[in-house]
Structure formats: structure tokens, C-alpha cells
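The residues making up each chain are set out below.
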Amino acid sequence: MTDVTIYHNPECGTSRNTLALIRNAGVEPKVIEYLKTPPSRIALAELIAKAGLTVRDAIREKGTPYADLGLDDPTLTDEDLLDAMLEHPILINRPFVVTPWGVRLSRPSEVVLDILPLPQKGPFAKEDGELVIDAEGNRVA
């Protein structure tokens with residue numbers, strides 16, 4: 001069994017597509033609904049760093065209190081931004097996925113395939129109909 005964890009929001013189409021791609025590889029991941037169970041400060045900072053992102057890159061603006069909290073202020077430190085993300089987990093962009101091959105913010109959802117090099121079990125299309133995996137299990141460019 002491959003050890004895979006997804007920080008998931010079931011209300012997010014990208015997160016649902018990413019979870020479905022993981023399952024299409026025959027893996028049942030550990031699913032953490034991060035709005036209900038946010039990561040610790042240390043875990044969040046590690047996810048961001050291991051994904052090769054800055055803290056600012058990992059903040060979600062759309063559909064969040066980002067603007068109301070003034071988080072676009074360039075003088076805010078990473079610590080300030082982490083504080084906001086922990087106080088308002090909806091600010092954490094999603095989905096973060098952890099596999100033995102790396103960590104990624106899987107936006108778009110097919111980015112997960114970069115860190116999940118297992119054969120896909122069949123064709124896969126996103127919820128919007130975009131084909132990601134063809135009938136032979138190959139990634140569509």
C-alpha cells in the first residue's frame with residue numbers, strides 16, 4: 001500500500017478531482033478534511049516548503065476573507081500569514097498531497113500525477129469533462 005495523504009475540501013472540484021485521480025491509481029489515501037482538522041503550524045509550514053512554495057503562494061484568495069483581513073499587504077511576514085491561515089483554514093489553498101515521491105499543491109488536479117507515478121487503472125476525466133487519462137491509462141498532454 002502506498003502511503004498518500006490528501007488535505008481535502010469535499011466542496012472543491014479540484015480537490016475532488018485530485019482525490020479521484022489518486023483512487024484511479026488504485027490508492028486509497030488518508031483523507032484529511034483540513035477545514036475540520038487543520039494542520040499544525042509546523043505541519044503547514046512543512047507542506048508549503050516541501051511543495052516548493054512560499055507561504056504567500058499557498059494562500060487562497062477566492063472565496064475567503066483574504067481581502068477583508070488585508071492579507072495583500074506586502075509587509076506581512078510569513079508568520080503573520082501562517083497565523084491567518086491557521087485562524088481561518090479556508091485560506092489554505094488546496095489540495096495539498098503528500099506521497100513517497102513528494103508534496104504538491106495539486107492545482108490543477110493532474111499535478112498530482114507528478115508525485116504519484118503509479119499506473120492509472122483506466123480512463124479519467126475531470127468533473128468538467130476534460131480528459132486527463134486516456135483509455136490506455138496514459139496521461140493526456
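Everything that follows concerns the structure shown earlier in this document.
This structure is a prediction, so every number in the text was calculated from the model and none was measured.

Novice: So what about the environment of Arg-104? Which residues, and what values?
Specialist: Positionally, Arg-104 belongs in strand β4 (residues 102-105). In sequence terms Arg-104 and Gly-52 are 52 residues apart; their C-alpha atoms lie 8.0 Å from each other. With residues near it in sequence (within four places) discarded, Arg-104 still touches Ala-51, Pro-95, Phe-96, Val-97, Val-111 and Ile-115.

Novice: Describe the pairing of strand β1 (residues 5-8), listing the residues and the values that go with them.
Specialist: Every second residue of β1 is oriented toward a common face, with Thr-5 and Tyr-7 on one face and Ile-6 and His-8 on the other, all of them buried. Direction of pairing for β1 relative to strand β2 (residues 30-33): parallel, over a ladder of four bridges. Directly across from Thr-5, in β2, lies its bridge partner Lys-30. Of the crossover connections in this fold, the one passing from β1 over helix α1 (residues 13-24) to the parallel β2 is right-handed. Where β1 meets strand β3 (residues 96-99), three bridges bridge the pair, whose relative direction is antiparallel. Paired with Ile-6 across the two strands is Val-97, which belongs to β3.

Cut-offs and rules
Residues numbered from 1 in each chain as written. Predicted model: local features only at pLDDT ≥ 70, side-chain atom pairs only at ≥ 80, totals over all residues. Heavy atoms only, no water. Helix = DSSP H or I, 4+ residues; strand = E, 2+ residues; numbered from the N terminus. Contact = heavy atoms within 4.5 Å. Buried < 20%, exposed > 50% of the residue type's maximum accessible area, 1.4 Å probe, protein only. Pairing = 2+ DSSP bridges. Right-handed = clockwise from strand over helix to strand, strands pointing away.

All quantities given are derived from atomic positions and should not be read as evidence of function.
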